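Chain by chain, the residues:
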Amino acid sequence: MIKSAKQLAELEHSYNSALAGAAARIVVCAGPGCAASGSRAVYDRLVEELTERGSHVTVDYLMENGAKPGSGIVALESGCQGFCQKGPLVRIEPEGLLYTKVHPEDVPELVEAVIEGKILDRLLYSDPATGEVYAREQDIPFYQDQVRIALHNCGAIDPEDIRAYLGKKGYQGLARALTMEKQDVIEELDQANLRGRGGGGFPAARKWAIAAAQDSTDKFIICNGDEGDPGAFMDRSIMEGDPHSVLEGMAIAGYAIGASQGFIYVRAEYPLAVKRLQKAVQEAKEWGLLGDDILGSGFSFDIAIKQGAGAFVCGEETALIASIEGMRGMPKPKPPFPSVAGLWGKPTVINNVETLANVPRILQQGAKWFRKVGTADSPGTKTFALTGDVANTGLVEVPMGLTIGDIVFKIGGGMRQGDTLKAVQIGGPSGGCLPGELLDVPLDFDSLQKAGAMIGSGGLVVMGQQTCMVEVARFFMQFIQAESCGKCTFCREGTLQMLEILERITKGKGNLEDLDLLEELGRAIRQGSLCGLGKSAPNPVLSTLEYFHSEYISHIVEKRCPAGVCQALQRYLIDGERCRGCGRCVKACPAGAIGGNVGSPYMIDQEKCLRCGACVDSCKFQAIEVRA
Amino acid sequence: MPGATAVEMRELVDSILTRHKKAPSSLIPVLQDLQDELRYLPEDCLTMVAHGLGISPATAYGVATFYAQFSLEPRGKYIIKVCDGTACHVRGSSPLYQAICKRVKLENGKATSKNGLFTVETVACLGACVIAPVVVINDKAYGQMTPEAINLIIDELEKEDGRDQVCKTAS
Ligand SMILES: Cc1cc2nc3c(=O)[nH]c(=O)nc-3n(C[C@H](O)[C@H](O)[C@H](O)COP(=O)(O)O)c2cc1C
Ligand code: FES
């Protein structure tokens with residue numbers, strides 16, 4: 001049981017000196033990307049190898065027996081280290097070396113190098129553009145422009161060991177808050193101007209102040225871990241990689257508004273996040289950092305984990321509240337806002353995972369420190385999930401105000417080989433698709449809104465030339481249409497209409513009036529919907545209509561998909577030079593669309609062709625071409 | 001415990017309800033636990049749950065149909081979730097999905113194969129976008145999938161099931 005701030009500082013010190021006692025620490029990334037590329041096998045092999053060589057030492061051992069200088073090597077698993085493209089990643093501490101694409105077979109050689117204090121060149125990252133090889137993580141261009149506040153511990157510590165979090169000054173932000181007046185905690189947050197990272201950018205302090213001012217014996221804190229935007233995994237990485245930062249943020253919020261119960265609502269698709277959070281809550285309780293009379297302050301706070309059940313709209317705060325109450329997740333009209341009447345009608349502050357992960361750091365280091373990063377109106381950082389056709393996919397955190405171009409080309413290393421940038425999709429189904437010309441737009445709440453997109457939760461999907469923007473618009477509309485809860489007519493019916501039109505266009509059956517109709521429907525849905533889902537549903541369509549108008553025209557007028565994606569618009573043609581007239585394709589075609597005589601080149605009847613591709617697979621002479 | 005008898009189902013429902021203290025607000029966690037055990041939510045069980053929590057069967061049914069996680073149809077031994085989130089979509093999840101449906105011989109409009117072995121579903125983002133396109137089979141994630149690679153994995157699962165069957169008959 002920890003009873004005082006002084007004890008927290010002592011534990012910080014004892015954990016760090018225990019770690020420093022080891023000759024080295026080998027940290028294997030076990031984030032979602034690395035785990036799927038086999039990081040577990042690397043870790044198991046590592047422990048085996050170290051044990052065989054008699055060089056394995058655990059943190060427990062070092063903490064109990066004190067460290068003898070050079071007493072063995074510690075092996076740890078961490079949350080996401082970010083550079084997922086090159087996973088499984090292995091970092092060597094204290095030198096900060098980063099090894100990429102490490103496989104179990106590499107482990108003996110790697111351990112050998114660590115023991116001998118050498119660098120294993122062949123596993124280092126080499127920049128494909130310049131050929132330069134980097135040994136230390138912090139020198140790699142991917143990490144250079146990043147600033148880690150919310151992800152400070154993610155990838156650095158063992159998320160299943162509370163001592164590791166304490167070693168990073170964990171719970172010291174809470175300890176400081178508990179010595180302050182409640183309104184001063186809110187004031188500190190207001191000074192920092194921390195804006196909600198869940199998409200809206202609403203100042204957290206303002207929400208807290210409203211809830212604090214309510215006269216009610218029961219108040220609640222909810223952490224929104226629904227992260228429904230496809231193409232986003234920042235909140236997942238924080239919950240899995242640094243769960244205690246979320247708990248600490250919630251406890252601070254609870255103290256500031258006078259709540260004693262918190263809930264974390266986690267997406268059904270994130271079972272590991274649930275497990276880690278549960279473990280973290282249990283450990284925090286055992287150590288007296290959650291529960292009754294925290295650090296002898298008289299403040300009590302408990303947290304329960306709630307699992308979502310697969311509904312995008314439950315990310316919306318009022319729908320999320322309905323879902324925790326055990327009902328269908330349908331949004332309610334606001335006001336009343338949750339901070340006045342939320343869960344079970346009580347004042348409730350609902351904040352996003354990343355917002356809450358920033359809170360302990362602000363309380364620890366102060367608002368001034370926080371405001372040194374980012375822009376005046378959007379201070380701090382934003383995490384992004386960088387995915388799609390970019391060379392370096394991964395999890396990044398950058399100061400607000402960096403441009404899209406900086407992220408894609410400096411951090412992301414540009415496009416995958418041979419591709420060029422066509423668009424950047426930002427903000428998920430509520431966001432928009434921005435063309436290459438807008439690479440200079442700074443990533444902050446207000447600039448993006450002006451450009452017709454939104455920061456959303458932070459999914460950044462980079463799209464190359466093989467992407468059809470009309471198809472992307474159709475894809476998002478299909479998503480929204482399926483996820484609309486059905487309450488508002490405009491959202492329910494309007495999105496269906498828009499989807500039908502977009503499907504028509506991708507099949508080459510659209511006409512020019514459809515484009516006006518899309519805009520008109522988009523405006524109507526925006527105005528006639530209750531919640532953000534409907535209000536922002538037309539964004540992907542309207543932004544592609546604005547920036548990629550000519551692609552719509554190609555589909556409609558020329559019946560051609562320039563990217564060659566829309567199946568119905570592809571044409572299958574037989575190359576008369578190559579065709580030997582063997583007749584295999586005739587037998588393979590399920591539609592009887594191929595005609596001709598054995599021995600001379602065959603022809604495909606475009607009217608009958610189903611574009612199934614069976615003929616292409618059957619041809620031995622590569623004589624059938626697919627044209628956009 | 002798929003294939004449970006009526007008595008077993010009642011016992012299961014009762015134990016889950018007790019675990020959640022029969023609070024009406026625990027409807028969703030109760031259904032989640034139930035589906036974990038049975039792989040789907042049989043209609044009879046929904047009614048039992050509703051009675052146990054003191055809510056109307058219509059409410060329970062309304063919740064069960066609202067959330068994508070719940071299935072009112074029996075599901076296969078292997079649940080194949082193909083991610084169709086943005087990152088996976090732009091990296092070719094649609095052809096992948098089609099290839100899987102073809103490989104496990106799904107009939108029109110059905111999500112579960114006739115032999116009851118495979119259920120194929122799409123989900124929007126599994127949060128592993130860096131290794132797109134992603135397929136998750138019973139909670140194990142496979143990244144950078146191609147139709148060829150997933151076919152090999154399905155071959156393996158069929159073999160594994162064959163071995164399970166042999167073990168069952170042997171015991
Ligand atoms: C359709 C819809 C989906 C949303 N999904 C999420 C989500 O997945 N995660 C999240 O934090 N906020 C989401 N939000 C925003 C929440 O309603 C709410 O504004 C947010 O959780 C507040 O936290 P913040 O102020 O810390 O950003 C969504 C909103 C809408 C309209
Ligand atoms: S889009 Fe498929 S895992 Fe995120």
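Not measured: the values here are computed from a predicted model.

## Looking at a negative patch on the surface
Residue and element names in this part refer to chain A.
So, point 1. On the surface, a cluster of negative charge is made up of Glu513, Asp516, Glu519, Glu520 and Glu546.
So, point 2. Sorting elements by how many residues they give to the negative patch places helix α21 (residues 513-528) first, with four residues.
So, point 3. Within the secondary structure, Glu546 is located in helix α23 (residues 539-547).
So, point 4. Judged by its relative accessible area of 56%, Glu546 falls in the exposed class.

## Concerning the confidence of the model for chain B
So, point 1. For chain B, the mean per-residue pLDDT works out to 92, and 98% of the residues sit at or above 70.
So, point 2. Reported confidences for the modelled complex are a pTM of 0.94 and an ipTM of 0.93.

## Brief notes about the side chain of A:Arg474
So, point 1. Mapped onto the secondary structure, A:Arg474 falls in helix α19 (residues 469-483).
So, point 2. Residue A:Arg474 is classed as buried on the basis of its relative accessible area, which comes to 12%.
So, point 3. Polar contacts involving the side chain of A:Arg474 include one to the side chain of A:Glu471, which spans 2.7 Å.
So, point 4. The contacts of A:Arg474, once residues within four sequence positions are left out, are A:Leu499, A:Leu502, A:Glu503, A:Thr506 and B:His89.

## Describing the site of ligand 1
Residue and element names in this part refer to chain A.
So, point 1. Inspection of the region around ligand 1 gives 18 residues, with Gly198, Lys207, Asn351, Asn352 and Thr355 positioned closest.
So, point 2. Here an oxygen atom of ligand 1 and a backbone polar atom of Arg197 are 3.4 Å apart.
So, point 3. Contact distances for ligand 1 include 3.0 Å between an oxygen atom and a backbone N or O atom of Glu227.
So, point 4. With the chains in place, 89% of the 600 Å² that ligand 1 exposes on its own is no longer accessible.
So, point 5. Elements with a minimum of two residues in the shell around ligand 1: β10 (348-352) and α22 (532-536).
So, point 6. When residues in the shell around ligand 1 are grouped by element, the largest group, three residues, is from β10.
So, point 7. Per-class residue counts for the shell around ligand 1 are three nonpolar, nine polar and six charged.

## So, the pattern of salt bridges
All names here are of chain A.
So, point 1. A complete count under the given rule lists 43 salt bridges over all chains for this structure.
So, point 2. One salt bridge in this structure joins Arg91 and Glu137, with 3.4 Å as the shortest N-O distance. Pair noted here: Arg91 is in strand β3 (residues 90-93) and Glu137 is in the loop between β6 (133-134) and α6 (141-144), with a separation of 46 residues, a long-range link. Both residues of the pair, Arg91 and Glu137, belong to the buried class.
So, point 3. Glu558 is the salt-bridge partner of Arg560, the closest N and O atoms lying 2.9 Å from each other.
So, point 4. Each of Arg45, Glu48, Glu49, Arg53 and Glu112 takes part in one network of salt bridges that share partners.

## Some words on the domain arrangement of chain A
Residue and element names in this part refer to chain A.
So, point 1. What the domain assignment reports for chain A is domain 1 (5-138), domain 2 (162-371), domain 3 (381-467), domain 4 (470-556) and domain 5 (570-627).
So, point 2. Domain 3 and domain 4 are separated by 22 Å when their C-alpha centres are compared.
So, point 3. Counting residues at the interface gives 16 residues for domain 3, matched by 13 residues for domain 4.
So, point 4. Summed over both partners, the interface of domain 3 with domain 4 comes to about 1100 Å²; 68% of that surface belongs to carbon and sulfur atoms.
So, point 5. A salt bridge links Lys422 to Glu551; the nearest nitrogen and oxygen atoms lie 2.8 Å apart.
So, point 6. Of all the secondary-structure elements, those providing two or more residues to the side of domain 3 that touches domain 4 are β13 (421-426) and β14 (432-435).
So, point 7. The leading source of residues in the side of domain 3 that touches domain 4 is β14, at four residues.
So, point 8. Residues belonging to the side of domain 3 that touches domain 4 are distributed by class as follows: eight nonpolar, seven polar and one charged.

Cut-off values and rules
Residues numbered from 1 in each chain as written. Chains lettered and ligands numbered in written order. Predicted model: local features only at pLDDT ≥ 70, side-chain atom pairs only at ≥ 80, totals over all residues. Heavy atoms only, no water. Patch = residues over 30% accessible without salt bridge, like charges linked within 9 Å, V, L, I, M, F, W, Y side chains within 5 Å. Areas by Shrake-Rupley, 256 points an atom, 1.4 Å probe, with all protein chains shown as cover. Salt bridge = Lys/Arg side-chain N within 4 Å of Asp/Glu carboxyl O. Lys, Arg positive; Asp, Glu negative; His and termini not counted. Charge placed at Lys NZ, Arg CZ, Asp CG, Glu CD. Helix = DSSP H or I, 4+ residues; strand = E, 2+ residues; numbered from the N terminus. Buried < 20%, exposed > 50% of the residue type's maximum accessible area, 1.4 Å probe, protein only. pLDDT = per-residue confidence, 0-100. Polar contact = N/O pair within 3.5 Å; in protein donor to acceptor, adjacent residues only side chain to side chain. Contact = heavy atoms within 4.5 Å. Near = heavy atom within 4 Å. Nonpolar A, V, L, I, M, F, W, Y, C, P; charged D, E, K, R; others polar. Domains from an automatic or database assignment. Buried area = accessible area lost by both parts, 1.4 Å probe.

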